[in-house]
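Examination of the molecular architecture
Now for the letters of each chain:
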Amino acid sequence: MAVNWADRISAFSRSPSSFLSGTTSEAFLAELLRELRDDRASYSVKVLLLSPLCEYPALLCPSDSVGEETTLELMSVFAQCPPKSVQFRCHLLLALTSVLVCTSCVSSRSRASQDFVDLLLQISQDTSDLHSDGTLLSLRATACDCLRELEACSPGLLSQHIELLGGLRQQEAFRLHQAYAGLQTLVLRNAVYQLTQEAGAGAEQLKALLGGNTSVAWEADQDSGLKSNKDSAVLSSLILGPMGTVPTLQTGPDCKELRSVLSSLLEESYLLTPLCQAALLHKLIEVVAMVPGVPPAIFRAQLLRLLGTSKVCLLHTTLLMKCAFTDSLFSGEDEAFLLKRLVVLSQHPLLSTPEKLFYTDCILHFPENRPISCGDGDEALPVLLTPRLASALVPTVFNDSATMLARLNLLSLVYLEEGEGEEGEGEEGRGLAYLFEHLTSLLHIVENGGNREFVVTFFRAAFLFLLHFYHMERYANSLIEKLCQLYLHHTQLAPHLISLADHTQDKLSESNWAVGLLTALQRVITEAPLAQLTLQDLRWHLKVLARVAEEGKIPQHSTLKFLSSVTTPSASSLCVSSEWRLGNSILGVCRRLLVHPGLDPLLMPLADTLQHLACRYGDTDIQDHARLYYTLLTTLSREKLAGVLAQGSTEGGRQIKMRSLSCIMAEGEGLTSMLTIHQTEKAIFRVVEVSSEPRQETQTDKESDLNQNETDRCTDDANTALEAYRRQFNDPDFASEITLSYQLAHTEAPDSRFDQLFSIRLHFSLTDDHYEELSDISVPCLFRERPSPVVKLRLKPRQPYPTTLHASAIFTAQDGLSWHTVLPDIHVAFQQAFMPLPAPPAWERGRKLNLFEGLWDVFCSESGDCATSLFCCQLKEAVLISLVEKHLLPFLISDSSHKEEFKVLFFLPPQSHVLLKIRSEDDAVHFDIATDNWQLLPHISSYLLTIASSQGDTHS
C-alpha cells in the first residue's frame, strides 16, 4: 500500500508533537531515510521528504550520535544521486547543513562534519560547466551558502582554506563572485579573531593562515572547536568605538600578505550589491581594527565613494568605520561633510520616512573624531551641529508623527547645548520660543478636533518638551494653563493628561511640574459652573480627581466640596440616574481620600458624602461600598485606615499601590469578596455574528408619507426619480444606522463556575472615529445548556469604513460573585455597512432603475467627492451569475434574468452610495464603479476582489 507522503509531511509540519504522539522520532526518521534511498521514489517526493530535516532537525536528531548517523546516510544518498538531479542535490546539502549545525556535530568537529566540508569545497571548485549551460551553478551556489552557514555557526572551521577561497573568488569572474567574496571575508575575520585569542600568535601564524600552511596554523581539534563555538556570540560585531577596545594581534609592520588580501577585496567591492558591500566592509573594518600593523588608510580610496553614497546600508557602514578609526582615517573636513550630508538626507523629499528617521538617529549618535561625551550610547549631539545647521530640521505640523517627534527631540538638544534652556536667556532664546510655538500649534489642532493619532503625537511632544525644559518656569507654567483650557473643552482627553502627569513624575522625580498640572486641573474642575456640567464630563472629571487625590501635597477640600455638590440632588441632577459606573467613580475618589496624608481636616465632609451615598444613591452595590467606607472612616484611626486600604504609599506623595477590598479585614473576607468585582483570567464567553443579511432601518415612517400619485410621478424619467429621492434623502429627520445581530456563546474551555451567568452588562469601546459611541447592552442571563441569547448592536457610522470594537462585560456568576471579563474584539467588515436602496416601498423596479441611472450620471459628471473606477477579473458566465446571486442579490436593481448587464446599488450610511455595472467582456468581467465618496474606492475594490476570489481564480 503506497504511503501518501504529501499528507504525512503536511501533518508533521502542522503539529510535530501531535504527529509524533502516534509514532517516535526515531521511527519517523528511519522511514524518511529508507524512502530517500528507494530508487522507485520520484525526486519531487524526495525533495518533500527532506523538509522535516530542514525545518526540525533537532527534533528528529535529538543527539549528536543520531545526527552523525543521519549525516552519513544523507551523504550516501548524495553520492548515489545522478548529477542531473540538481534540485534534489541542493536540498540534500541544505538538509545536511541543518542536521550538522543543530546537533553540534560541526562545533565538535566530528568526522562526518569534516567529510561534509570537504564535499562542499569539492563542489565549490567544480567549474566543469563554466562554459556550458551552467546547470551546476545552483549547486555551487548552494554549497557556498552552506559553507558560510557552517563558518558562521562554528567560527574558524574554514580558517585553513582562506587561500583556496581567495582563488575561487578570483577565478569566478561573475555569477558566484559575490558569494565567494562574502565567504572569504567571513572566514578571514573569524581566523584573525581566533589568532588574537591564541597566546603568542603573531605575524608568522597570520602568514601561515593566509598561505594555507596547515603545519604552522593551529590545529582544528575538538578543544579549539569548542572554544570557537563559545566565542561565536562575540563575533557578531567587534566594533566598540573609540572609547572601547577590541582584541588585537601584534604582528609588527610586516603584514604585506594581509594587506594584499584586503586590497584585493576592497578593489572588487564596487562589483557587489550595496547590501553585500556593506557586509564585506563591516568585516574588513573589524579585521583592520584587530591588526594594528595594517593602517586604516587602506580604506581611504573607498571613502570618496562611500561619503557620497545614497544607500542606507553603505552610509551606515561608513559611520561604523568612523566609529572604529575616528581621526586615523577621517579628517575634520570629512567629519563636517558627513554631518552635513546626514542633515540633508534627514529631510530629503525623495527618501522614505524610515530612511529619514534613520539619518536623524545617526546625527544623535554621530561618532565624532574627538568625542567629548563618554556615555554608553546615550543621545549626545556632535559639536559641529550648530543651531544654524540644525535649523533645516525644525519640526512643522506638516511632518508625520514620527518625524515630528524625532526633530523636536533633536532641536531640543541643540538649544540646550546652546544654553537656551537657562532662565533669562533674553533674545538668545528664539529657538526655544519656536519650539514652544510649535507645541502650541499642535495643541490648537487637537483643540479643533484632531484625530486620535494627532492627539497622541501632541502629548508625546509635550512630554519631550518637558523632558528637556521642565526647569523653564515660564514655558512650563504656560503649558499647564494651555492644557487646562484644552481639558475644559475636551474632557475625553483626561487619560492622556493623567498619563502625561504619571510619566513626567516618574521620569523627572526632581520636578514638581506634574503636581502643578494636577493642582491646576483640580482647580478648573471644581470652579466650573455645575449648570454646564454634563454626565459625560463628570465621568472624566472624577477620573482626574481620583488621580489628584493620590498626591499628598495637594489639598483636597475643593475636591470634597465638588463631590458633595454633584451627589446632592438640590445642587445637581447628575446622579439622579444612580448609574453603577458613575457611583463607582465617585467611590474611587473617596477611597483615595481615605488614605490621603491630610485626612484629618477632611474627616467630616468625607463622612457626610459617604453617608449620603449609603442612604440615597439608587444602586445597592454602591450603597454597600459607601457604607463600608463610612464604617472604616468612623471606627479606625488614621494609621490603621492607611494600613488597611493602602500599601506602599509614599510620604506626602503619590500612592504607588492600592490594595483591593479583599484585603481589608480578615474576618470580613466573605462579605468583601461579595462586594468586589473580580477579574477573569480569560474570556468566559464571546460575541458571534449570527446574521449578515442586508439591513434597512431608515425612517420607515417617513416612507409612507409619499402617496402613490407622487410615487408614480417620480418615475417619468431619471431626473424626476432623482429629485423625489433627494427630497426624502435630505429630510432632516432621515437617519440611518447599521444593526448587527450577535449571539453570546460560552468559550470552548469549560469552567463550571460560569455555566450560568446573570445580569450581563456589555460595554463596547471604539478604536477609531468612524462610528458614534455605543451604548451598553444588558442581557438577563446566559446558560451553557440553553440556547444563546441574541443581542442587536446598533452602529451609527460617521464614515462607513471597517472598524474593530473592544468589548468587555460585567456579570454575576451563580455563586453571587460579580466578575469583569474582556471579550475578544469584534471586527466590523466593510460589507456589513451595505444597505439596499432606501427608496419608498411602493417604488417598482422601473422606478429604481431610473433612479440608478440618474445617480450614475450625477456621479460621473460631478467633481468633488464623486469618483468612478473599474475593477476587472476573469470569471466564467456561470460563475458570475452565481456570484451575483450569492453576494449581490439584495442590492440588485436590474432584473436578475437580464444576464447582459447587472446593476447593483449599495447604500452606506450615513450618506454614501456605491453603484456597480457588471458585464462580461471578451477578456474579463468588468465592474464599473461610481460613487459619491471617493474614499470608499479602496474598500469596494478589496471587497470585489474577495468575493471574486471565492468563486475561482481571479486576476484583477
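Before reading on, note that the structure itself is shown above.
Below: a short report on this structure. These figures come from a predicted structure and were not determined experimentally.

Parameters at a glance
Residues numbered from 1 in each chain as written. Predicted model: local features only at pLDDT ≥ 70, side-chain atom pairs only at ≥ 80, totals over all residues. Heavy atoms only, no water. Helix = DSSP H or I, 4+ residues; strand = E, 2+ residues; numbered from the N terminus. Buried < 20%, exposed > 50% of the residue type's maximum accessible area, 1.4 Å probe, protein only. Contact = heavy atoms within 4.5 Å. Expected span 1.5 Å × (residues − 1). Polar contact = N/O pair within 3.5 Å; in protein donor to acceptor, adjacent residues only side chain to side chain. Salt bridge = Lys/Arg side-chain N within 4 Å of Asp/Glu carboxyl O. Phe/Tyr/Trp six-rings, centres within 6.5 Å; stacked < 30°, edge-to-face > 60°. Pairing = 2+ DSSP bridges. Axes fitted to C-alpha atoms, helices over the stretch in contact; angles between N-to-C directions. Core = buried A, V, L, I, M, F, W, Y, C linked by side-chain atoms within 4.5 Å. Parallel < 35°, antiparallel > 145°, perpendicular 65-115°, else oblique. Left-handed = near helix turned anticlockwise from the far one by under 90°. Nonpolar A, V, L, I, M, F, W, Y, C, P; charged D, E, K, R; others polar.

The subject of this paragraph is the overall build of the protein. Looking only at helices and strands, the protein has 39 helices and 14 strands in total. A burial count over the protein gives 49% of its 956 residues as buried. Sequence separation of at least 24 residues holds for 71% of the intrachain contacts in the protein that already meet a minimum separation of 6.

A rise of 1.5 Å per residue sets the reference length of helix α31 (residues 620–635), with its 16 residues, at 22 Å; its end C-alpha atoms lie 22 Å apart and thus fit the reference within 8%. Ile622, Gln623, His625, Ala626, Leu628, Tyr629, Leu632 and Leu633 are the residues of α31 that are buried. The opening residue of α31, the one whose side-chain oxygen lies 3.0 Å from the backbone nitrogen of aspartate 621, is aspartate 619.

Tallied over the full model, the rule gives 27 salt bridges. Of the charged contacts in the structure, one is a salt bridge between aspartate 502 and arginine 547, with a shortest N-O distance of 2.7 Å. Of the two residues, aspartate 502 is situated in helix α25 (residues 494–507) and arginine 547 in helix α27 (residues 535–548); the sequence distance between them amounts to 45 residues. Of the two residues, aspartate 502 and arginine 547, neither departs from the other in class, the shared state being buried. Across the salt bridge formed by arginine 592 and glutamate 550, the nearest N and O atoms sit 3.2 Å from each other. Here arginine 592, found in helix α29 (residues 580–594), pairs with glutamate 550, found in the loop between α27 and α28 (557–567); they are 42 residues apart in sequence, far enough to count as distant. The structure contains a network of salt bridges with shared partners spanning Asp502, Arg547, Glu550, Glu551 and Arg592.

Turning our eyes to something else, we now look at the packing of aromatic side chains. According to the stated counting rule, one finds 24 aromatic pairs in the structure shown. Relative to phenylalanine 811, the ring of phenylalanine 754 lies with its centre 5.9 Å away and its plane at 85 degrees, an arrangement referred to as edge-to-face. Placement of phenylalanine 754 in the loop between β5 (738–746) and β6 (756–766) and of phenylalanine 811 in strand β9 (residues 803–813) is noted, with a sequence separation of 57 residues between them. Of the two residues, phenylalanine 754 and phenylalanine 811, both sit in the buried class. A centroid spacing of 6.0 Å and a plane angle of 90 degrees characterise the contact between phenylalanine 834 and phenylalanine 891, whose relative ring orientation is edge-to-face. With phenylalanine 834 in the loop between β10 (818–828) and α37 (845–861) and phenylalanine 891 in the loop between α38 (877–888) and β12 (901–908), this residue pair connects regions lying 57 residues apart in the sequence.

Read from one edge to the other, the open sheet built from 5 strands follows the order β3-β10-β9-β6-β7, with strand pairing classed as mixed. Edge positions in the sheet fall to β3 (677–679) and β7 (777–783), since each has one partner strand and no second. With strand direction ignored, the average angle separating the axes of adjacent strands in the sheet is 35 degrees. Pairing of β9 with β10 involves 9 bridges; the strand directions are antiparallel. The partner of serine 808 across the bridge, within β10, is valine 822.

The next thing to look at is the environment of proline 890. Positionally, proline 890 belongs in the loop between α38 and β12. A sequence separation of 53 residues divides proline 890 from leucine 837, and the C-alpha atoms of the two residues are 9.5 Å apart.

Moving on, we get to the nonpolar core. Of all hydrophobic cores here, the largest spans 199 residues; its most connected members are Leu93, Phe299 and Leu483. Setting aside its immediate chain neighbours within four residues, leucine 483 contacts Leu443, Phe458, Phe459, Leu497, Leu500, Trp513 and Leu517. In this structure, Leu740, Val779, Leu823 and Ala833 belong to the second largest nonpolar core, which totals 32 residues.

Our focus in this paragraph is the packing of helix α16 (residues 300–307) against helix α17 (residues 312–325). Where α16 meets α17, the closest approach of the two axes is 10 Å, and the angle between their N-to-C directions is 135 degrees. One finds that α16 runs oblique with respect to α17. You can see that α16 and α17 cross each other, and the crossing is left-handed. Contact residues: α16 offers Leu303, Leu306 and Leu307, while α17 offers Leu314, Leu315, Thr318 and Met321. Taken together, the residues of the contact of α16 with α17 break down into 6 nonpolar, 1 polar and no charged.

Tracing the sequence through the fold places aspartate 923 in the loop between β13 (912–920) and β14 (925–931). Aspartate 923 sits 48 residues away from leucine 875 along the chain, and the two C-alpha atoms are 9.5 Å apart.

Helix-helix packing: each pair is described by the crossing angle between the helix axes and the interaxial distance. In the contact formed by α28 and helix α30 (residues 603–616), the axes pass within 10 Å of each other and the chain directions differ by 25 degrees. When the axis of α28 is compared with that of α30, the two are roughly parallel. Note that α28 runs across α30; the crossing there is left-handed. Contacts from Leu560, Leu563, Ser564 and Thr567 in α28 reach Pro605, Leu606, Thr609, His612 and Leu613 in α30. Partitioned by chemical class, the residues of the contact of α28 with α30 number 5 nonpolar, 4 polar and no charged.

Within the element layout of this structure, serine 44 appears in helix α4 (residues 43–55). Judged by relative accessible area, which is 55%, serine 44 ranks as exposed. Once the C-alpha coordinates of serine 44 and glutamine 87 are considered, the two residues, 43 residues apart in sequence, prove to be 9.1 Å apart. Looking at serine 44, its side chain comes within polar contact range of the side chain of serine 42, at 3.1 Å.

Moving on, we come to helix α21 (residues 401–417). With 17 residues, α21 should reach 24 Å at 1.5 Å per residue; the first-to-last C-alpha distance of 25 Å fits that figure. In terms of residue burial, α21 counts as a mostly covered element, since 14 of its 17 residues are buried. A positive backbone phi angle near 80 degrees is found at glycine 419, which sits one or two residues after α21.

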